[in-house]
Every structure is written in structure tokens, then in C-alpha cells.
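Now for the letters of each chain:
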Amino acid sequence: MFTRCPQCKTVHPLTAEVLSHSRGLVQCGQCGRSFSALSFLFDEWPSGEANRPASGPDATLPILGRVKKADTSVKSTPEPDNEPDPSQSGPAQYVWAVSTALLVLLTIANIAWTFREPLLKNPRINSWMKQAGWSQVEHQGPFKDPQQIQLISRDMHTHPTRSGILVLSLTFVNLAQQSQVFPELEITLMDAANHPVAQRQFHPSEYLRPGADTRAGLATDVFLPVLLELGDPGESAVGFEIRFL
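Residues numbered from 1 in each chain as written. Predicted model: local features only at pLDDT ≥ 70, side-chain atom pairs only at ≥ 80, totals over all residues. Heavy atoms only, no water.

**Points about the side chain of Thr 171**
Operational definition: Helix and strand definitions here come from DSSP, where helices need a minimum of 4 consecutive H or I residues and strands a minimum of 2 consecutive E residues; each element is numbered from the N-terminal end. Burial classes: relative accessible area under 20% of the type maximum marks a residue as buried, over 50% as exposed, and values in between as partly exposed (1.4 Å probe, protein chains only). Pairs of residues are marked as contacts when any of their non-hydrogen atoms sit within 4.5 Å.
Mapped onto the elements of the fold, Thr 171 is located in strand S8 (residues 165-174). Thr 171 sits in the buried class, given a relative accessible area of 17%. Aside from chain neighbours lying at most four places away, what touches Thr 171 is Gln 150, Leu 151, Ile 152, Ser 153, Phe 223, Leu 224 and Pro 225.

Written out as C-alpha cells, the structure is:
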């Protein structure tokens, strides 16, 4: 099916769909003339004077529908955006990050508080925490931990020149990581059945040399020899026990 422009005689192929869409009204793509294709409709290529449509890179198809076509395109209704709004998700993510950080800090603080005593006994950690201002010096008196004092050697024998006197020699060391006060010594004489026969406590001023400075305390890893004289309770005392208080 063909139609011919009445002005420039250009022949254009047609289809029933094109005719029905614009009710036969078309526009020539060669000269721009608008005309009714129904008035110039041919089943075969028309004879006589006729021009073929322009061809080549500059060719254009006949412009159909001089009458404005109805917009038959269906406008899609925007679907709800399921993606989170950045303006709304931003504050939520910020709150979540802050909450997570606070939870981690609370967990660390809880662990540090639970194990605070062993941590504070470590001189490096204690010094670092004090420098950072996280630990304050507690004025609870000098450090004292008798369990950190270890007995290295001990010996008891009768006095070589004085009768009824026992001589006790011992050496102990401070294994703590810091200096501590001199301990009190508790000496217990035992019989063969390990029952106490006699007992006595010695303060630092009684077993240290005269003039010793007790305020400095017992330094760490320092071996301290001690020599004591005790009254001999008799042959019933066959053993002894030493405790640090």
C-alpha cells in the first residue's frame, strides 16, 4: 500500500496501522506537506510522475499524524522505595555506633574493675595508669603482703656460751614487685608430736640492727639475714615453725 504527496509527488509506503492511527492524515517527510493519505492511496506503485522517498544518511521517514497523537504511553506509578532513606538511616547508624562503643567501654571497665588488684600490683601498669590520670594514689599506708615473703634458710642451735639459750638464724626475701613493710616474725617451738611448746612474736625493731630505718621498708629481691635468741624450754622442744605476719 502506497500514498503520494500531492505537492512533491514523493511516494511513501503505508500500512493499515499507520492509517488507522492518524485517521489517514499524514505529513510528507520530503516537503513537509500535510495531506490525507486516503485521498492518494494506491495498492501498486503509482504510474506517472512520482518520486521515491529520499534515501541515504539524510533520509527521513514520512511524518505521520499531523493531528497530535494521543499520548498512549502508560505512566508508571513510582513504586515505594524499599531502600532506607540516607537522611533517616544516618542518625540511626550514628546511635548504633555510639551504643556499641559505650558497650565495649563498659565491658573493658568491668573487667578492669574486677581484676583491679592484680593489675595495680604490676608496677608498669600502675605507673602507666597514674600517668594517664586513671589511677590515684590511695593513702592506705605502706604496702604489706606477708605471703610475698619467702623463707630462704633457717637454723636453730644452742648458744655456744650461754646455757638455756637457743640461737635462731634465718634469711628471707621480699618477692613482691615493690617494697613493703618489714613483717612481724612468729616463732613457735614444737614437740615431737608437733604440739606448740613455746611461742613468741618479734617486731621489726626487735630483729633489725639498731638504728635501721624501718620506714623505707623491705625492698624487693633483697635477702635479709636475721639472728634471734630464744629461751630454751627444755628437751621437749625438738622443732620450730616460722610465720610472717
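Next comes the rest of the account.
**A few points about the pairing of S8**
A regular strand places its side chains on the two faces of the sheet in alternate fashion. Put simply, the rule reads: Criterion used throughout: strands pair if DSSP finds at least two bridges between them.
For S8, the buried fraction is high: nine of the 10 residues fall into the buried class. As paired strands, strand S7 (residues 149-158) and S8 are joined by nine bridges and run antiparallel to one another. Looking at the pairing, Ser 153 lines up with Thr 171 of S8. Adjacent in sequence and paired antiparallel, S7 and S8 are bridged by six residues, among which Gly 164 carries a positive phi angle near 75 degrees. Bridge analysis of S8 against strand S11 (residues 223-231) gives nine bridges, and the strand direction is antiparallel. Bridge pairing links Val 167 to Glu 229 in S11.

**Regarding the state of the cysteines**
Selection criterion: In this description, a disulfide is simply a cysteine sulfur pair whose atoms lie within 2.5 Å.
Within the structure shown, the criterion is met by zero disulfides. Distance from the sulfur of Cys 28, which forms no disulfide, to the nearest cysteine sulfur (Cys 8) is 3.6 Å.

**Brief notes about the confidence of the model for the protein chain**
Stated precisely, the cut-off is as follows: Scored between 0 and 100, pLDDT is the confidence that the predictor attaches to each residue.
Residues at a pLDDT of 70 or more form 78% of the protein chain, whose mean pLDDT is 79. Confidence, expressed as mean pLDDT per element, reaches its minimum in the protein chain at strand S6 (residues 63-64) with 54 and its maximum at S8 with 95. In this model residues 64-74 is a low-confidence stretch, pLDDT under 50, and it forms 14 contacts with partners more than four residues away in sequence or in other chains.

**Here we look at the nonpolar core**
Just so we agree on the cut-off: For this analysis, a nonpolar core means a set of buried residues of the types Ala, Val, Leu, Ile, Met, Phe, Trp, Tyr and Cys, connected via side-chain atoms within 4.5 Å.
Counting residues in each nonpolar core, the largest one holds 20 residues, and the members touching the most others are Phe 172, Leu 185, Tyr 207 and Leu 228. Looking at this core, the elements that each hand over two or more residues are S8, strand S9 (185-190), S11 and strand S12 (239-244). Excluding residues within four positions of it along the chain, Leu 185 makes contact with Leu 170, Phe 172, Arg 200, Gln 201, Phe 202, Tyr 207, Val 226, Leu 228, Arg 243 and Phe 244. Grouped together as the second largest cluster of nonpolar side chains are eight residues, Cys 5, Cys 8, Leu 19 and Val 26 included.

**Examining the pattern of salt bridges**
The line we're drawing: Between Lys or Arg on one side and Asp or Glu on the other, a salt bridge is scored when a side-chain nitrogen of the former is within 4 Å of a carboxyl oxygen of the latter.
Evaluation of the coordinates by the stated rule reveals four salt bridges. Arg 162 serves as the salt-bridge partner of Glu 229, at 3.0 Å between the closest nitrogen and oxygen. A residue pair is termed long-range when its members are at least 10 positions apart, and Glu 229 in strand S11 and Arg 162 in the loop between S7 and S8 qualify at 67 residues. Glu 229 sits in the partly exposed class, given a relative accessible area of 40%. A salt bridge links Arg 200 to Glu 206; its shortest N-O distance comes to 3.5 Å.

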